[in-house]
Structure formats: C-alpha cells, structure tokens
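Residue-level structure breakdown
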Amino acid sequence: MSIAEQRTDLQVAPTVDVTDAGLGLRVLQRVVLPMADDMDVLPLYVETDLDRGSNLAVLDASDIEEEEKKKKTQSSAVVNAAAGVAQSLIRALGNPSGMGDLANRRSALITAGERVSFGTYFNAFPASYWSRWSVIDEVVLRVKVSGECTVVVLRSNAKGHVHPVESIQVAEVGDLTIKLPLSTFADGGWYWFDIVAGPKDVTLESAEWAAQTDRQQSGRVSIGITTYNRPDFCVDGLAVLASATDVLDVVDKVYVIDQGTQKVADHADFAASTKGIGERLAIINQGNLGGSGGFSRVMDETVRAGTSDYALLLDDDVVTEPESILRAVTFADLARRPTIVGGHMFSLYDRSVLHAFGETVAPYSWWWGPAPRTYHGHDFGRRSLRHTSWLHRRVDVEYNGWWMCLIPTAIIREIGLALPVFIKWDDAEYGIRARAAGFPTVSMPGVAVWHVPWQDKTDAVDWQAYHHLRNRLVSALLHSPYKRGGSLVSESSQHQVQHLLSMQYSTAKMRLMALEDVLSGPEHMHRELATKPAELRRVRATFADAQSSPDVEAFPPAKRKKPPRRGKEPTSPSNPIDLVIKAAIGGLRQLRPVDPATKDRPQAVVASQDAHWWILSPLDGAVVSAADGVTVSWYKRDPELFRELMRASAVAHARLYREWPALAERYQQAAAEFTSPEQWRQAFEA
C-alpha cells in the first residue's frame, strides 16, 4: 500500500475566516499530511496497514498493564508496511528540509486498489469534544477527489465501537459535501473517512471538516515562547512558525521571552529562520524568572497590547504541528464560553508515542496525573485510534500543560497571571483557578506538539525537588477542598522518610527548605522568585549525593563485606505489614555507625530505575545513576545527618498540619495580589 508522489495546483483557503456564500461554512479542521520526513509520525496522519486490524483486539483499560510490558519498540512488520507510504509522502511533500508550506500537505495519490484511512489522531474529527464544548450542532465533511473510488464515512461511540455512516461511489471527479449530526456524542466518539481506490490511482485533492456558524471572523493570537539557554531548539521552533504562512495570518505577535545567557538572537540561523515572521517577532530579554515568569510576561504583554483574543504558550523544547494552532484558535472561537484550549504532548524522541492525553489533580492527595481511564505513553505506531477504545471516550480535564496552551485574554484579565513559583505547578494551578472562576480547560485531540519527554528527567531529586513540594503545597493551600489538605501532609512526610532512607540527603534538604518557606507565608514567593534557584543549587552542592560524575570509574569499585542474605536482593514491600517492617528495619539501621570500610568504597552500583528506598536503605554507600543516564553519584550513609533532617522534617510536617487552616486563609487572601500584573511587573523590571 502506498501513497505515491503527487503535486496539485489546488489553491487552499486558510482554515480560519472561511465563508462559503451558499452554505455559510467555516472550516474547523483540515485533513493534513506529515510536514516532516519522519516515518514514525505517519500513523498520526494516515492509516494504511488496515489489514492488521483483523488480527488485533480492541485495546481497552483491562489490557493496558499487559500492553505496557510489551511496548516501546514498534513492530517491524508495521514499520515495513508503512515504509513505502512514508517515503512517497516525503516525495509528495517535496521539501528536503521538512519545513514545507502547509498548502502542499493536503493532497496525495492513493494507489489503485488500496484503502487508506484518515481515522487517525490528526485527521479524525473529535465529535464529542465539539458536541460538548462548542456552539456547533452539525459538522460538514467536504472531500475533493479525482478518480474512481469509494469514500466511506465512519463513526465511533464512547466505547470505541465503530460502524459506517455512509458510503459514496465516485466515478471520476467528486466534490462531496456530507452533513453529519453531533447529537449522539454525549460521552465520546469520532468521525472519520476512508478512501478505497478503484482500478486506477485516485487523487485526494483536499478534505476538511466544517460547520455552519455566524462566527466567521477568526480570533487573533499572540504566541509566547519562554526559553532558557536553548537557542537551537527555539530557532528551530521559530522556523516552523515562519514557514506556516496561513498560521501567521491569525498571529499578532510572536514573543520570545529569553531568560538565558545564550541568546536566541545571537544564533547563527536566527535571521534566516525568522524572516517569515517579520515584524510580528518580539524578543524580550529578562532575568531568569522560570517558566512562570516567562509565561506571565507573555500573558501581560498580550493583554497590554490589546490586539489579541488569545495568548498561546509554547515551551522552547517542542516541535509544533502548525495546524494545531489554527485548530486551537478555531475551537476557542466557537466555544460556548471563554475556554482554555490545550494541546496534547507527543514524545520528541519516540514520535508516535502520546505522553499526555488529559491531566487532572487528585483532590485528596493533591497530586497531578493522567485523567481517569487515560494512560501515558500510548504508541499509535502499535495501536491505531480505531483499535484503542479508551481514546474514544471524551476526557474532561482540570488543566493542560504549558508545553502548548491557548488562553483567552478575557480569562487573563479576570483571574490574573501565573503563580510566582518559578517552575512546576503553575500550569496546573492556573487551570484549577480558571475552573473555579467558571472557565473550563479542554485538552483537544488533533492539537499537539512533540516535547522532550519527562520520564528521563532528574527533577524529582535535584534542586527542583524544592519546587515540586513547595508549589504543590501552595496550590493545595489555595484550592484543596479539604480542611487540612487531605492526605498531602502525611504523604509528604512519608516521601521525606523514603528520601532519607535512600541516602538522598540533598533532596530531603530541598524539601525541608520548601516546607519552611511555605510556613513563612506567601510573602516569600515574589521576594525570592529570582534568587531561590541559585540558593538551592548552592545548598545542595554541599551534600555527597549531589556530587556527580559522567564516569562511574571516577568512584572506587563497589565491594561488599558480606553477600546478600541467601543471595537475594531486597524486594519491594508486598503488603502493608511488610512495608512497615522493612521501613522500621531500614530506619533503625540509619542510626547505627557506618562501617569504616565503606567510607572508602561503595557497596553497590545501583541503576536509577532500581534506586528505591528498600534497596538503598540496607547499604552504607552506593553509586547511583541519574534518571537521564548522564551522570552517577556516590550516596553515602550519614547517621548524624539522617537524625538532623529527620527531626527537622518531623517538626515541619507537624507544624504544617497544625497550621494548615490559618495558612490557607493567608495564601488565599494574598493570591489576587501575587498573581496580579502589577506585582509581576515589578519582578519583570527588577
């Protein structure tokens, strides 16, 4: 099966501000093909190996655990089946740089006798989201084809069950207009279409999903990228925007908030890559205020300029599907009320893998994670949309990550800017704050970026551990529905003990500093916004577990005086009683003197994924690799430091639990001030 090389002279109207005099239609979503010569992304746009579906069971929640054990490596059969299609698509797009104009991404040649489906992530129509959140009650599919073929329209429901809606025979040239209701998608479901070529090759000239509406005029958007010493990433992202001429038609400004020392504007390719953006581009240099400071600057600049309806926040380490910008703006234009529209996150390194489909915060534990009945790490290269039932149920979220997030300026004016937290939890808190004010967030299928995945980051144990805990606590003090934060305080205490049992004393210290700052009250947040990261790095550098090397040979060879009992390594606690016993034994052992022989050499080398407290607590020292695989550190047991940090942590957690109601009141009373543009502008100027 292949899509052969094909160019057409078809003139494509932009997605936004499109009016058909006869029908009064506005295009909601165009069918597009990949913009880059990357075979891995092909399953996100077209499904060609339809025969394999007969051998696949529908993937449901009960299958996820087993699937997780098998995935991460694409099936070679799938790769081989798609290879010819991908190479033909690359030729059809006709741009070796992978930065083709969007108008060249809409047509393709379908080989005689073959069937191609557009029931894919980027090209199926997420009907349930439009039905639930927009003013649209009917969608129109418009397909232009040349050649003898059959166009089959299909739909799914919330359970993932699929059935055909209509089958249309085309003898020679087809300009099809098919009206489809949105009245039966209460809980989920998609529309899409397949094309079955006849005895000769068939040309898909264009296809799009449209709706009749009186909201014909597109909203305007300002795009904001916050960057810190990633000029290569940032310039590449700007080049994608510069090539997307029809996207730029709806853009007022592209703000780059450069907070680093390696300036984007000094990059060798900056001028050439941004030429297409022209005067829309504004580079703003400011001190490093983290993601919250950079994105707050974008929000403030957008609102103060007064020309845009939306601010679109983008990370600097992403590759954007430009069509997503048009779709996000269009969906926001047609939403029932001002709505935050978020994009999903695919892995930049494994590009068919969807990392985040929907995000929520569990109210009792106050921890972020995938929305119920969704799963991180779904690989479309192994399981297509039609064969993954949980993707068909509509997912309602509480927030969307700021790797890609479109926020109406009307919302910014009403609820203010981000929390002054530097990094972590600013996006989650903003979505929860917006929801409390009556503004929903929709994580929209077909709107996405490719982002550096977070599972290989070390931020849970390095200096950023401070921000993980401090900002989680602050957001809970502002929004938790429970009088004393639910289980948050007790869980934090347990995690602190686990870090201490693991000889991660620097991490425990970062978390202790977070507790102490939260207890000091909300005044510390803006006061220490710019200076805290340097302080954290300075303090952490004094701990042994923070000393790292890229070479494990930099440390003495590991040696144990005694082998593991009966040759068995420690295992994960199997039940609550086993957990208590192992924690008690590990805790008591921390109070014993360190074996003098272990002061000169570690007892073991432990991989990052194995560095659990029940493995580390029986040791006096271990060389442990970082999650990113770049460095290793020598963890050393220190009974005196263990006692000191354990005692201070117990006191701080007890005080936090006792003072929670009063602290919550203080933070809630101060929230409007420390998220206000006026107070943020003082930080920008400083």
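Throughout this document, residue positions are counted from 1 along each chain, in the order its sequence is written. Totals for whole chains, interfaces and linings use every residue, but because this is a predicted model, local features are given only for residues with pLDDT of at least 70 and side-chain atom pairs only at 80 or more, for both listing and counting. Hydrogens are left out, water is left out, and the side-chain values use all remaining heavy atoms of the structure.

**Topic: the overall build of the chain**
Within the chain, the regular secondary structure consists of 19 helices and 26 strands. In the chain, which comprises 686 residues, the proportion classed as buried is 58%. Whether two residues are in contact is decided by their heavy atoms, any of which lying within 4.5 Å being enough. For the chain, restricting intrachain contacts to residue pairs at least 6 apart in sequence, the fraction spanning at least 24 positions comes to 82%. Here a strand is any run of E in DSSP of at least two residues, a helix any run of H or I of at least four, and the numbering for each starts at the N terminus. Using a 1.4 Å probe on the protein chains alone, a residue whose accessible area is under 20% of its type maximum counts as buried, one over 50% counts as exposed, and one in between counts as partly exposed.

**Here we look at the pairing of strand β21 (residues 404-408)**
Within β21, five of the five residues are buried, leaving the element largely enclosed by the surrounding structure. Because side chains alternate across β21, one face comprises the buried residues Met 404, Leu 406 and Pro 408, and the other comprises Cys 405 and Ile 407, equally buried. A strand pair is defined by DSSP finding two or more bridges across the two strands. Direction of pairing for strand β14 (residues 310-315) relative to β21: antiparallel, over a ladder of five bridges. Bridge assignment links Tyr 310 to a residue of β21, and that residue is Pro 408. When strand β16 (residues 340-347) meets β21, the two strands line up antiparallel, connected through two bridges. Bridging across to β21, Gly 342 finds its partner in Cys 405.

**Some details on the sheet that holds strand β23 (residues 548-549)**
One open sheet accounts for four strands, arranged β23-β26-β25-β24; its pairing is mixed. Where the open sheet ends on each side, the last strands, each with one partner, are β23 and β24 (604-606). Bridge count for β23 against strand β26 (residues 632-636) is two bridges, and the pairing is antiparallel. The residue of β26 that forms the bridge with Ser 549 is Val 632.

**What about helix α12 (residues 488-501)?**
Between its terminal C-alpha atoms α12 stretches 20 Å, which fits the 20 Å expected from 14 residues at 1.5 Å a residue. Every buried residue belonging to α12 is among Leu 488, Val 489, Ser 492, Gln 496, His 499, Leu 500 and Leu 501, and all of these are buried. Looking one or two residues beyond α12, the residue adopting positive phi is Met 503, at roughly 65°. What a helix is expected to span follows from its residue count: subtract one and scale by 1.5 Å.

**A word on the confidence of the model for the chain**
Parts of the model with low pLDDT should not have their predicted coordinates read in detail. Confidence in the prediction for the chain averages 87 pLDDT; 88% of positions are at 70 or higher. As a per-residue quantity, pLDDT reports the predictor's confidence and falls between 0 and 100. Here residues 52-103 is modelled with pLDDT under 50, and outside its nearest four sequence neighbours on either side it reaches 99 contacts, counting other chains as well.

**Points about a nonpolar patch on the surface**
Only residues whose relative accessible area exceeds 30% and that form no salt bridge enter a patch; like-charged residues are grouped when within 9 Å of one another, and nonpolar side chains (Val, Leu, Ile, Met, Phe, Trp, Tyr) when within 5 Å. What sets the accessible areas is the Shrake-Rupley method with a 1.4 Å probe; for residues, cover comes only from the shown protein chains. In the sections that follow, a salt bridge refers to a side-chain nitrogen of Lys or Arg positioned within 4 Å of a carboxyl oxygen of Asp or Glu. Together, Ile 577, Ile 581 and Ile 585 make up an exposed nonpolar region whose accessible area comes to about 320 Å². Structurally, Ile 581 is set in helix α16 (residues 576-590). For Ile 581, a relative accessible area of 44% puts it in the partly exposed group.

**Quick word on the packing of helix α13 (residues 505-520) against helix α15 (residues 532-540)**
Here an angle of 0 to 180 degrees is reported between the N-to-C directions of two axes, which are lines fitted to C-alpha atoms, with helices fitted over the stretch in contact. The geometry of α13 relative to α15 is characterised by a closest axis approach of 10 Å and an angle of 140° between their N-to-C directions. In terms of their interaxial angle, α13 and α15 are classed as oblique. Once α13 is placed against α15, the crossing between them reads as right-handed. Touching Ser 506, Lys 509, Met 510, Met 513 and Asp 517 of α13 are Lys 532, Glu 535, Leu 536, Val 539 and Arg 540, all from α15. Throughout this entry, Asp, Glu, Lys and Arg are counted as charged residues, while Ala, Val, Leu, Ile, Met, Phe, Trp, Tyr, Cys and Pro are counted as nonpolar. The remaining residues, Gly among them, count as polar. Across the contact of α13 with α15, the residue classes tally to four nonpolar, one polar and five charged. Working rule for angles: under 35 degrees goes down as roughly parallel, over 145 as roughly antiparallel, 65 to 115 as roughly perpendicular, anything else as oblique. Each helix crossing is assigned a hand: it is left-handed if the near helix lies turned anticlockwise from the far helix by less than a right angle, otherwise right-handed if that turn is clockwise.

**Quick word on the packing of aromatic side chains**
Here a pair means two rings of Phe, Tyr or Trp (six-membered ring of Trp) with centres within 6.5 Å. Their orientation is stacked below 30 degrees between planes, edge-to-face above 60, and tilted elsewhere. Applying the stated rule across the entire model yields 27 aromatic pairs. The interplanar angle of 20° and the centroid separation of 6.5 Å between the aromatic rings of Tyr 191 and Trp 209 together place this pair among those described as stacked. With Tyr 191 in strand β9 (residues 191-197) and Trp 209 in strand β10 (residues 202-212), this residue pair connects regions lying 18 residues apart in the sequence. Each member of the pair Tyr 191 and Trp 209 is classed as buried. One aromatic cluster in this structure is built from Phe 118, Phe 125, Trp 130, Phe 185, Tyr 191, Phe 193, Trp 209 and Phe 331. The ring of Trp 450 has Arg 351 sitting right over it, with the charged end atom 4.5 Å from the ring centre. We call a charge positioned over a ring when the NZ of a Lys or the CZ of an Arg lies within 6 Å of the ring centre and within 35 degrees of the ring normal.

**Let's talk about the packing of α13 against helix α18 (residues 639-674)**
Contact geometry for α13 and α18: axes closest at 8 Å, N-to-C directions at 30°. Between α13 and α18, the crossing angle belongs to the class labelled roughly parallel. Between α13 and α18 lies a crossing of left-handed hand. Split into classes, the residues belonging to the contact of α13 with α18 amount to 14 nonpolar, three polar and five charged.

**Focus on the sheet that holds strand β7 (residues 162-170)**
What the four strands build is an open sheet, ordered β4-β9-β6-β7; its pairing is antiparallel. Of all strands in the sheet, those bounded by a partner on one side alone are β4 (115-117) and β7. Sheet twist, expressed as the mean angle between neighbouring strand axes with direction ignored, is 20°.

**Looking at the nonpolar core**
Judged by nonpolar contacts, the single largest core of 103 residues is most densely connected at Phe 193 and Leu 238. With near-sequence residues (within four places) excluded, Leu 238 lies in contact with Ile 225, Val 254, Val 256, Val 264, Phe 270, Ser 273, Thr 274, Ile 277 and Leu 281. Buried Ala, Val, Leu, Ile, Met, Phe, Trp, Tyr and Cys residues that are joined via side-chain atoms within 4.5 Å together make up what is termed a nonpolar core.

**Brief notes about the pairing of strand β25 (residues 621-625)**
Buried residues dominate β25, accounting for four of its five residues. When β25 meets β26, the two strands line up antiparallel, connected through five bridges. Pairing of Ala 622 across the sheet is with Tyr 635, part of β26. Linking β25 back to β26 in an antiparallel pair, the connection comprises six residues, with Gly 629 at a positive phi of about 75°.

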